[in-house]
Structure formats: structure tokens, C-alpha cells
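Take a look at the letters that make up each chain.
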Amino acid sequence: MITIKKEEIANIKSLVVEAKINKRKPLPTVVFYHGFESAKENNLTLAFLLAEQNYRVILPDALYHGERSEGLSNAEMSLGFWDVILTNIKELEEIKNELEDEKLILDGRIGVAGTSMGGVTTTSLLKQYDWIKTGVVLMGTPQLVSFGEQLIDTFNSNSKQQISVNEKKEVLNALQTYDLSKNKHTLNNRPILFWHGVKDKVVPITQSEEFVNELKNTSYSGEVKLLKEVDRGHHLSRYSILETVKWFEKYL
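In this text the structure is predicted, and so the values were computed from the model without any measurement. (Residues numbered from 1 in each chain as written. Predicted model: local features only at pLDDT ≥ 70, side-chain atom pairs only at ≥ 80, totals over all residues. Heavy atoms only, no water.)

A look at the overall build of the protein
Looking only at helices and strands, the protein has eight helices and eight strands in total. Relative to the globule expectation of 18 Å for 252 residues, the C-alpha radius of gyration of the protein, 17 Å, shows essentially globular dimensions. Its C-alpha atoms give the protein principal-axis dimensions of about 55 × 45 × 35 Å. Counting over 252 residues, the protein shows a buried share of 55%. (Helix = DSSP H or I, 4+ residues; strand = E, 2+ residues; numbered from the N terminus. Rg over C-alpha atoms; globule rule 2.2 N^0.38 Å. Buried < 20%, exposed > 50% of the residue type's maximum accessible area, 1.4 Å probe, protein only.)

Focus: the sheet that holds strand 7 (residues 192–197)
Strands pair in a sheet through their backbones, by hydrogen bonds, and they do so in one of two ways: parallel or antiparallel. With mixed pairing, eight strands are arranged side by side in an open sheet as 1-2-4-3-5-6-7-8. For this open sheet the edge positions go to strand 1 (2–9) and strand 8 (224–229), each flanked by a neighbour on one side alone. Across the sheet, the mean angle from the axis of one strand to that of its neighbour is 20 degrees, orientation sign disregarded. As judged from the five bridges shared by strand 5 (residues 105–115) and strand 6 (residues 134–138), these two strands associate in the parallel manner. What sits directly across from Gly114, in strand 6, is Val137. Docked against the sheet, helix 1 (residues 44–52) engages strand 1, strand 2 (12–19), strand 3 (27–33), strand 4 (56–60) and strand 6, running at close to 45 degrees with respect to strand 2. (Pairing = 2+ DSSP bridges. Axes fitted to C-alpha atoms, helices over the stretch in contact; angles between N-to-C directions. Contact = heavy atoms within 4.5 Å.)

Observations regarding the side chain of Lys96
Its location among the elements puts Lys96 in helix 3 (residues 81–101). Here Lys96 is in contact with Ile105, Ile110 and Trp131, once residues within four sequence places are set aside.

A few points about the nonpolar core
Where a protein is soluble and globular, its nonpolar side chains tend to be buried together. Counting residues in each nonpolar core, the largest one holds 50 residues, and the members touching the most others are Trp82, Leu92, Leu125, Ile132, Ile192 and Phe194. Here the element with the most residues in this core is helix 3; it accounts for eight residues. Not counting chain neighbours up to four residues away, the residues in contact with Ile132 comprise Leu92, Ile110, Gly111, Val112, Leu125, Leu126 and Arg190. Ala19, Leu46, Leu49 and Val245 belong to the second largest nonpolar core, which has 26 residues in total. (Core = buried A, V, L, I, M, F, W, Y, C linked by side-chain atoms within 4.5 Å.)

A few points about the packing of helix 5 (residues 144–158) against helix 6 (residues 165–176)
At a minimum axis distance of 9 Å, the contact between helix 5 and helix 6 shows a crossing angle of 155 degrees. Compared by their axis directions, helix 5 and helix 6 come out roughly antiparallel. Helix 5 and helix 6 meet at a crossing whose hand is right-handed. Seen from helix 5, the contacting residues are Leu144, Val145, Gly148, Glu149, Ile152 and Asp153; seen from helix 6, they are Lys168, Val171, Leu172, Leu175 and Gln176. Residue classes in the contact of helix 5 with helix 6 are distributed as six nonpolar, two polar and three charged. (Parallel < 35°, antiparallel > 145°, perpendicular 65-115°, else oblique. Left-handed = near helix turned anticlockwise from the far one by under 90°. Nonpolar A, V, L, I, M, F, W, Y, C, P; charged D, E, K, R; others polar.)

This is the structure we're talking about:
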């Protein structure tokens, strides 16, 4: 039997998904981040399948999302996009520390994954924390600076409210620190899986393709794989979910 329990981990509203027989046991642990304007409950299918394989899955609500919603407008949410990701980065360490204090992580085996904004979070986390064993990036990008510039330009093209040149520079400078594509050596041979729909118009697949190609034959690249689905846009498929589970079974 798989259980789904609402908990606050490090004061972050989360779901914990695990087999009932594994309650309070140390387990390999996956922290999974949802996408923009989504919520923790939307990834329960994947969490259920991982829990069946004796993983514990932590699904946190990101800042301004789900139970942490503050009723922001669409424009305010868009402006807060990078604040959400930077908060996710900070909060993962807090989640990990609390789970370790409670002796719930088996042998330090912790992996991360996420969809879209959660995929962007995942690449940033791999840059930031060397204790993460592996990651799965679903419709995300490792090129934070390039993607950040794209989002800002799109926002300015579609909104009366504008992000100034100086504000744009500040954001892009802050993202440099967490841009995995500019700090590839920090992967340090850790395995990472990308999945992307070729017809995705929200997050460009080209950024992940460039990253994977640049990693070939480097001394710091472990198992790095990019899976593509030709007729897929910005939506998960059954295939992507099953491949994510297989990846963690192999590398975590």
C-alpha cells in the first residue's frame, strides 16, 4: 500500500509519498519540484510509481504555489519566477537537513527531479549541491542565463509593466551563479537525464541539446542522456514518467 501524507518539512508544505511498510525507515529519497502555476499534487503519478520501488518521494509546494499561494496576478507570478527557483534552491538544503536529522535518507542517497520550472530548479540544484547523487530534468533547461533573458524579453513584449535594463542585468547576474551550463565541471561525473518534447514552445529543447553535446568527452561528465519525443509539446508523457522511474532505479 502506498501512502500520501501532507507534512511540513522544514516548515515547507509538502507531500510525502512512500510505501506504508517503509514508514519512518531510511530510504533513497527523491525530491520532486512542480512546474510554474502548478502544485505538488500534480506529480503524484510519478511519485506513486517511485514509492512502489521503495523510494520516498518528497513533493514540496514552491513559493507562491499550491498551499503557499498568495493570490498573485499573472504578471506578479511571472515577475516572481526566478524568486521561486532561488527559494527552491535554498529550501532543498533545509529539507535535506531535516530528513537527515530524522535519519530518513538511506546512505545519503538523495536525487532531485522536476518539470518545467521544476526542471530548471533541478539543473540549478545540481550546480549548487554536490551531495545530490543524480537528477532528472523534464522540460527544463541548464542554460539559466539564456532562458532568463528569453523570459524577460517575452514579458516585456506582452506586458504594460516593464522590466528595466538595470533590473534585467541584476537578474541575469544573479542567475550566473546557478547556471549549470556555465559551470559544467560541477556535475563531477554525476548522472543526469533530460527529457523534452521536440515541439515544446515554452522551454527550448535546443538549450538541453547544446548542453548534452558540449558534455561529450569531458572529464567531468558521467552518464548524461537526452530523450526526445518528436510529437510532444510542453506536456509530460507516460514514457517520460516511466523513464524517470527507471533512471532513479539505476542511479539512486
